[in-house]
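This is what each chain is made of:
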Amino acid sequence: MQTPTNIYEIKNSNKEEKIELSNNQQETEEKMNFAGYEVNTVMSTFERKLSDFAQEGKQTLKRSSSIKKRDSLYKLTDFSEKIFRPEFQMNEKLKEKSEKLWRMMESYLPRDKQSIQKSIIDHIEYTLARTRFSLDKQIIYQGTSLSVRDRLLEAWNDSQSVIKINHPKRLYYLSIEFLLGRLLQNALINFKMEDKYKEALNELGYKIEEIYERENDPALGNGGLGRLAACYLDSLTTLNYPAWGYGIRYDYGIFRQAIENCQQIELPDYWLTKGNPWEIMRIDINYKIRFYGHCRDEYKNGRKVRIWEGGQEVEAIAFDTVIPGWDTLNCNTLRLWKSYPSREFNFESFNKGDYASAVAEKDQASYITSVLYPNDSTPAGKELRLKQQYFFCCATINDIVKRFVNSNMPWSEFSNKNAMQLNDTHPTIAAVELLRQLIDDYFLDYNEAYEIVRKSFGYTNHTVLPEALERWSVDLISKLLPRHMELIFLINHFFLEEVKKRYSQNLDKLARLSIIEESTPKMVRMANLCIICSHTVNGVAEIHSELLRTTLFKDFHELFPKKFTNVTNGVTSRRWIYCAFRELSNLLTEYYGCEDWVGELGLLEQLPEKLQNNGKLDRFLEEFGNAKILAKKRLAHWVKDHLKIELNYENCMFDVMVKRMHEYKRQFMNALYCVYRYLTLKDMSQQEREKQIKRVTFFGGKAAPGYTVAKNIIRFINTISKVINNDPETNKYFKVVFLPDYKVSLAQIIIPAADLSQHISTAGTEASGTSNMKFCMTGSLIIGTRDGANIEIADEIGQENIFFFGKNVIEIEKIRAAQRNGAKPDVGGRLKKVFDSIFSGRVGDNNYIKDYINGILNGNDFYCICYDFYDYLAAQEKADLIYSDKRNWRNKCLNTICKMGFFSTDRSIQSYAENIWGLTPIELPKPVNEISKRVISSSNLKNIEMN
Ligand code: NBG
């Protein structure tokens, strides 16, 4: 489906309430008329001017802020006694053979305390082979996880059966990264079993919180893109959509970051040292993957076919992780591929007696999935990286095609039954691989095959940074994937033939649209290939999608206006509120009345008003304040344990900036502000200092190992923090802390502890950001620029609840143009003082960063730090001022939390499902506690006698 997102301007100002807008124009108009609105202007997003985004407070888009979770057939909390599973497809033959076996599997595992304890202990003894005398928390963690996994597996098996029988359209989310974070608590809360397990473990002498801590945090991703994929899996399952995540099972996730002498050190993250109880190795699910080799023609039944042969063959083996959703028995699958040497052996070398090199060659194969590339937004430019991409895409396409072929449907049905989403360009080669299989293995002709490909794929772009756009040399692809290179040339040829009909005169445009960049060496532009092979292209926030249409993909947008749309990112409330900040979660449940908001975040929208009306507002705000203090205390303890820094958490603003280190995100501007704050405190008298808001500024984030500037910024932050934290005159009022090794599990401690959070990228650079959403959901306020999702967050929570500052996209463009013409930033007194203190060594030995600063001063201030600095100062001062009025601050937090419904991934997924993928949910039949009422989904089962 290619419906563009439409924008409706509603002119009927005495109607204030929001109505749910759909992307279907007719439906939306009907709804609006029904609700008494006049639809005066219907304007497509494509016609919107970029300047709309530049104006503060301009709200062209009114939209529903909530997504309603479909009414579930059951509540998992009902699950206390013997519960019969739904039954599927038992034929007479099976019945005769295995009635006994069938009966033994007819109910779900019990969830009472004793049964849980027994299953944990059984796993410890019989799966893990440990005795009662050698128990420790690690083994309890493993036993507990296996016991939870058992309960997930039965529901998962049933979910897969339902899908297999009903053949709904399936969604495949292809992503080179999945940043899952820990799984135990998430599985327990989704299946509503946390209390039971807590009790069970307590009696065995273990605290569940300590058991959670034993889990290695699987960090198979770099940042936002990988974490988004994980949140999407949670929502896909929660909303009962049949979906698979497909990616790579890296042996080493993103590197562990240590800080030594103020500098980042990278250490390998071998996350599997203690095994991974969540994954299931599927030896039976394996595919051969070929690299290198050559192509030739062959005639089969009078038909010319292309054969790709020779080269290297490796094997991909599937590792499955069950993905549970909130309050549903449906489970989806994350299938990650690991490379193994192919089972065939180089007999020639072997027979020559060269056993070692025959084995060595095979060993190479297992390196393919060894390491996650630690690059956030710049291509690694390595052959191995391209190998990884093809490796997982080829295995995935094989898997999908096999599933489809088994269903015996005609190829014309393929795109009606399979939606594939490319999470950025890394899996682009999957589109070419599908084309290859359809043409070379299933003998479809090019046009038919290409149409199937184009109707099956959607592409999400995650960045406008030009250096992050993937390009691979034609030489490399020709060497590694010779058949794919032929097909890419073919796709390009047919595409350009079409384009020429429209732009025959405009050679520049043709050159820009071409998949091949005619440079030396020639390059393949993966984004162009992706757009051409997809039915829909989306950005991840309104402003980002608009920038794609008007800048990065302008030519393509002109050609295919309907292809481009937007789906604003989201985050899952399950992990980011319910797991990470239970005190807040309990408070919301108490005042809202029940837990339904966790599955339908938009329900909180009316809560502030309700509290105001029933006179409970003050009490809520007081209790919210106390919950925040507990979260801050948790972080303060972590800091004390790990960094030996003592923090005041009760009466002090926690100001947090955690994200990948990158110039565009401007951690450096924040660090300069820290120096400024320190110098200002130094210049004050003791009495004046006493009047200031106390603050701790936290930084956290990894820099790509090859990104020197980003590493220098980490060094700078650590260097100044030493000076600032050790100054007895000021360190009661201000400290700076760098939190090493930022990752999902640490984020769950850091984010709830924030009062203020910083999202201060140069306007037009941050595609969306997702931590901004997590901070808002857990009750902190944003200081930020009009960039990415910040803009839409402000639209939802109210401009008065965000500290906006800085130049907008258009102004930034002008500044850059001026700098290209020789302009230099006007630094002004206060910022000059900051730079002087750095140059003089007053805030530590910072020689390594002087060239960088001089560059900025000489007109290379690409990210416009100097141009935004003073406005940033003013916003910081405003934040301090408002923080001094506790009630006002907390009230803003309350309004922020409750207006975040739009940023639940449930809403994002709903939007993808309806507008891009065309999916319908399919829910497992209701489990029942009486055998006679059990759901039987196959008619021949009804004949089985039941007693
Ligand atoms: C990142 C963007 C973020 C965005 C996430 C998820 C990449 C390439 N891009 O702004 O920088 O929130 O993607 O969409 O990781």
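Along each chain, residue indices are assigned from 1 in the same order as the chain's sequence is written. Totals for whole chains, interfaces and linings use all residues, but because this is a predicted model, local features are given only for residues with pLDDT of at least 70 and pairs of side-chain atoms are given and counted only at 80 or more. The side-chain values count all of the structure's non-hydrogen atoms but skip hydrogen atoms and water molecules.

Engineer: Sorry, what's going on with the site of the ligand here?
Structural biologist: Among the 14 residues in the neighbourhood of the ligand, the closest are listed as His462, Asn569, Glu766, Ser768 and Gly769. Within 3.5 Å is the distance limit for a polar contact, defined as a pair of N or O atoms, with the added protein rule that one can donate a hydrogen and the other accept it, and that residues adjacent in sequence qualify only through two side-chain atoms. Contact between the ligand and Tyr664: an oxygen atom at 3.2 Å from a side-chain N or O atom of the residue. Between the ligand and Glu766 there is a distance of 2.6 Å, counted from an oxygen atom to a side-chain nitrogen or oxygen. Surface accessibility in these figures is a Shrake-Rupley result with a 1.4 Å probe; residues are shielded only by whichever protein chains are displayed. When the free accessible area of the ligand is taken as 370 Å², the share hidden by the protein chains comes to 92%. Residue composition of the shell around the ligand, by class: five nonpolar, six polar and three charged. Residues are counted as near a molecule or strand when any one of their heavy atoms sits within 4 Å of it. When residues are grouped by polarity, Ala, Val, Leu, Ile, Met, Phe, Trp, Tyr, Cys and Pro land in nonpolar, Asp, Glu, Lys and Arg in charged, and all others, Gly among them, in polar.

Engineer: Is there a simple way to think about the sheet that holds strand β19 (residues 653-658) in this case?
Structural biologist: What links the strands of a sheet is backbone hydrogen bonding, and the strands pair in either a parallel or an antiparallel sense. Strand pairing is assigned whenever DSSP identifies at least 2 bridges connecting the two strands. Every helix listed is a DSSP run of H or I at least four residues long, and every strand listed is a run of E at least two residues long, numbered separately from the N terminus. With respect to topology, six strands assemble into an open sheet ordered β21-β20-β19-β22-β23-β24, the strand pairing being parallel. On the outer flanks of this sheet lie β21 (734-739) and β24 (803-804), each paired with one strand and no other. Alignment of β19 against strand β20 (residues 695-700), held across six bridges, turns out to be parallel. Its bridge partner lying in β20, Phe654 is registered against Val696. Contacting β19, β20 and β21, helix α25 (residues 617-643) crosses the sheet at an angle of about 70 degrees to β21. Two residues qualify as a contact provided that any one of their heavy atoms is within 4.5 Å of a heavy atom in the partner residue. Lines fitted to the C-alpha atoms define the axes, with helices restricted to the stretch that makes contact. Angles between their N-to-C directions range from 0 to 180 degrees.

Engineer: Would you explain the sheet that holds strand β12 (residues 418-423) in this entry?
Structural biologist: Reading across from one edge, β7-β10-β11-β4-β3-β12-β13-β17-β18 is the order of the nine strands in this open sheet, with mixed pairing throughout. Among the strands making up the open sheet, the edge pair consists of β7 (279-291) and β18 (564-566). Sheet twist, expressed as the average angle between the axes of neighbouring strands with direction ignored, equals 25 degrees. Of the strand pairs in this sheet, strand β13 (residues 457-460) and strand β17 (residues 536-539) are connected by three bridges, and their pairing is parallel. By the bridge assignment for β17, Thr460 is matched with Asn538.

Engineer: Would you mind showing me how to read helix α9 (residues 224-238) here?
Structural biologist: Owing to its 3.6 residues per turn, the α-helix brings residues three or four apart onto one side. With 15 residues, α9 ought to run about 21 Å at 1.5 Å a step, and its terminal C-alpha atoms sit 21 Å apart, in line with that. Relative accessibility under 20% of the residue-type maximum defines a buried residue, over 50% an exposed one, and the middle range a partly exposed one, all with a 1.4 Å probe and only protein chains included. Most of α9 sits inside the fold, with 14 of its 15 residues counted as buried. Phi for Asn240, located one or two positions after α9, is positive at around 65 degrees. To estimate the expected span of a helix, subtract one from its residue number and multiply by 1.5 Å.

Engineer: Looking at this structure, how should I read unusual backbone geometry?
Structural biologist: With the exception of glycine, the majority of residues adopt a negative phi angle, and the majority of peptide bonds are in the trans configuration. With an omega of -5 degrees, the peptide bond running from Thr520 to Pro521 counts as cis. Along the chain, Pro521 falls in the loop between β15 (516-517) and β16 (523-525). One non-glycine residue, Lys192, adopts positive backbone phi at about 55 degrees. Residue position: Lys192 is located in the loop between α6 (184-190) and α7 (194-204). Positioned with a positive phi, Asn240 is a non-glycine residue whose angle comes to about 65 degrees. By secondary structure assignment, the location of Asn240 is in the loop between α9 and β4 (243-248).

Engineer: Hey, could you run me through the pairing of β12 in this one?
Structural biologist: Counting buried positions along β12 gives six out of six residues, so the element sits mostly inside the fold. Taken together, the five bridges between strand β3 (residues 170-174) and β12 define a ladder with parallel strand orientation. Bridge assignment links Tyr173 to a residue of β12, and that residue is Gln421. Inspection of the sheet shows β12 paired to β13 by four bridges, in the parallel sense. Looking at β13, one finds that Gln421 is bridged to Gly458.

Engineer: Looking at this structure, how should I read the packing of aromatic side chains?
Structural biologist: Pairs of aromatic rings are described using the distance from one ring centre to the other and the angle between the two planes. When the centres of two rings from Phe, Tyr and Trp lie within 6.5 Å, Trp using its six-membered ring, the rings pair. Their planes under 30 degrees apart give stacked, over 60 give edge-to-face, and anything left gives tilted. Scanning the model with the defined rule gives 34 aromatic pairs in all. Measuring from ring centre to ring centre gives 6.4 Å for Tyr459 and Phe553, while their planes differ by 55 degrees; the resulting arrangement is tilted. Of this pair, Tyr459 sits in strand β13 while Phe553 sits in the loop between α20 (542-552) and α21 (554-559); the two residues are 94 residues apart in sequence, bridging distant segments of the chain. Like Tyr459, the residue Phe553 is buried in the burial classification. Look at Tyr883 and Trp889: their rings are 4.9 Å apart centre to centre, the planes differ by 85 degrees, and that puts the pair in the edge-to-face class.

Engineer: Please clarify how the pairing of strand β6 (residues 263-267) should be interpreted in this entry.
Structural biologist: Each regular strand carries side chains that alternate between the two faces of the sheet. Here strand β5 (residues 256-260) runs beside β6; their pairing, made up of five bridges, is antiparallel. By the bridge assignment for β6, Ile259 is matched with Gln264. Hairpin geometry of β5 and β6 is characterised by an intervening segment of two residues between the two adjacent antiparallel strands and by a positive phi of about 50 degrees at Asn261.

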